[in-house]
Amino acid sequence: MESKIPKSKYCLRHIPHDHGYDTEQLLKFLPTEKEFAEAADIFSQLCDSTRLRILWLLCHSEECVGDIAAAVEMSAPAVSHHLRVLKQAGLITSRREGKEVLYTLSDTKEAKLVHQMIDGVFAMKCPGKKHNKSEIQE
């Protein structure tokens, strides 16, 4: 049986029981299926412990595949696969520096939220900026 409720984000849906929360008005702001799918994709990246380790590192530094592989104790091809998935999800970006490609967290609201979540889960106080080797040695 097909639903008679329009699938528009802005439709008024009839909610059968009024529990005092004005749900019909709230539903005017219900995100679209596409927006929920995009959010689910971002959250799915956090379900893999390897991706979490890579994201944790890239939240706080800019690294090449070889360094990421050494840090997470995986092969470079395996890390490259995870980086490709994270990049497709929009959570990380890359830039070329000579022969190397360096990866870091994207400057998007979604990536910043993931950064906050990672720091919160691991009870870590973020230094607030990325550090390069010369800054750490000072």
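Residues numbered from 1 in each chain as written. Predicted model: local features only at pLDDT ≥ 70, side-chain atom pairs only at ≥ 80, totals over all residues. Heavy atoms only, no water.

Participant: What is the right way to look at the overall build of the chain in this model?
Facilitator: Counting its secondary structure elements, the chain contains seven helices and three strands. Element order for the chain, N to C, with α for helix and β for strand: α-α-α-β-α-α-β-β-α-α. A total of 138 residues make up the chain; the buried ones form 28% of that total. In the chain, of all internal contacts separated by at least 6 residues, the share reaching a separation of at least 24 is 48%. Of the roughly 10,000 Å² that the chain leaves accessible, carbon and sulfur atoms contribute 57%. (Helix = DSSP H or I, 4+ residues; strand = E, 2+ residues; numbered from the N terminus. Buried < 20%, exposed > 50% of the residue type's maximum accessible area, 1.4 Å probe, protein only. Contact = heavy atoms within 4.5 Å. Areas by Shrake-Rupley, 256 points an atom, 1.4 Å probe, with all protein chains shown as cover.)

Participant: Please clarify how the sheet that holds strand E3 (residues 100–105) should be interpreted in this entry.
Facilitator: Picture the strands of a sheet paired through backbone hydrogen bonds; they go either parallel or antiparallel. Spatially, the three strands line up as an open sheet ordered E1-E3-E2, and their pairing is antiparallel. A strand with exactly one partner marks an edge of an open sheet, and here the two such strands are strand E1 (63–64) and strand E2 (92–97). Sheet topology places E1 next to E3; two bridges connect them, and they run antiparallel. Residue pairing across strands places Glu63 opposite Tyr103, the latter belonging to E3. (Pairing = 2+ DSSP bridges.)

Participant: Would you mind going over the pattern of salt bridges with me for this structure?
Facilitator: Pairing is possible between side chains that carry opposite charge, provided their charged atoms lie close to one another. This model, assessed by the stated rule, comprises four salt bridges. Put simply, Glu38 and Lys34 hold a salt bridge, and the shortest N to O gap is 3.6 Å. Residue Glu38 and its partner Lys34 are located together in helix H2 (residues 33–45), separated by four residues, close to a single helical turn. Close ionic contact of Asp107 with Lys112 constitutes a salt bridge, the shortest N to O distance being 2.9 Å. (Salt bridge = Lys/Arg side-chain N within 4 Å of Asp/Glu carboxyl O.)

Participant: Explain the confidence of the model for the chain to me, please; I cannot follow it from the model alone.
Facilitator: Caution is warranted with low-pLDDT regions, since their predicted coordinates should not be read in detail. Chain-level pLDDT for the chain is 82 on average; 80% of the residues reach the 70-or-more range. Scored below 50 in pLDDT, residues 1–10 shows twelve contacts in the model against residues more than four places distant or in partner chains. (pLDDT = per-residue confidence, 0-100.)

Participant: Mind showing me how you'd approach unusual backbone geometry here?
Facilitator: In most cases, non-glycine residues show a negative phi, while peptide bonds are predominantly trans. In this structure, Glu73 takes a positive phi of about 55° despite not being glycine. Locating Glu73 in the fold gives a position in the loop between helix H4 (65–72) and helix H5 (76–88).

Participant: Looking at this structure, I do not really get helix H3 (residues 49–60). What am I missing?
Facilitator: Residues separated by three or four positions in an α-helix point in the same direction, a consequence of the helix having 3.6 residues per turn. An ideal rise of 1.5 Å per residue puts 16 Å on twelve residues; H3 measures up with 17 Å between its terminal C-alpha atoms. Of the residues flanking the start of H3, the one acting as N-cap is Asp48, its side-chain oxygen 2.9 Å from the backbone nitrogen of Thr50. (Expected span 1.5 Å × (residues − 1). Polar contact = N/O pair within 3.5 Å; in protein donor to acceptor, adjacent residues only side chain to side chain.)

Participant: Is there a simple way to explain the packing of H3 against helix H6 (residues 109–121) in this structure?
Facilitator: In a packed pair of helices, the relevant descriptors are the angle between the two axes and the axis-to-axis distance. Following both chains from N to C, one finds H3 and H6 inclined at 105°, their axes separated by 10 Å at the closest point. On the basis of their axis angle, the class for H3 and H6 is roughly perpendicular. Of the residues in H6, those touching H3 at Leu52, Leu55, Trp56, Cys59 and His60 are Val114, His115, Ile118 and Asp119. Of the residues that constitute the contact of H3 with H6, the class distribution is six nonpolar, two polar and one charged. (Axes fitted to C-alpha atoms, helices over the stretch in contact; angles between N-to-C directions. Parallel < 35°, antiparallel > 145°, perpendicular 65-115°, else oblique. Nonpolar A, V, L, I, M, F, W, Y, C, P; charged D, E, K, R; others polar.)

Participant: Would you mind showing me how to read the pairing of E2 here?
Facilitator: Along a regular strand, successive side chains alternate from one face of the sheet to the other. The pairing of E2 with E3 spans six bridges and is classified as antiparallel. Bridge pairing links Thr93 to Thr104 in E3. Joining the antiparallel neighbours E2 and E3 is a turn of two residues, in which Gly98 adopts a positive phi near 65°.

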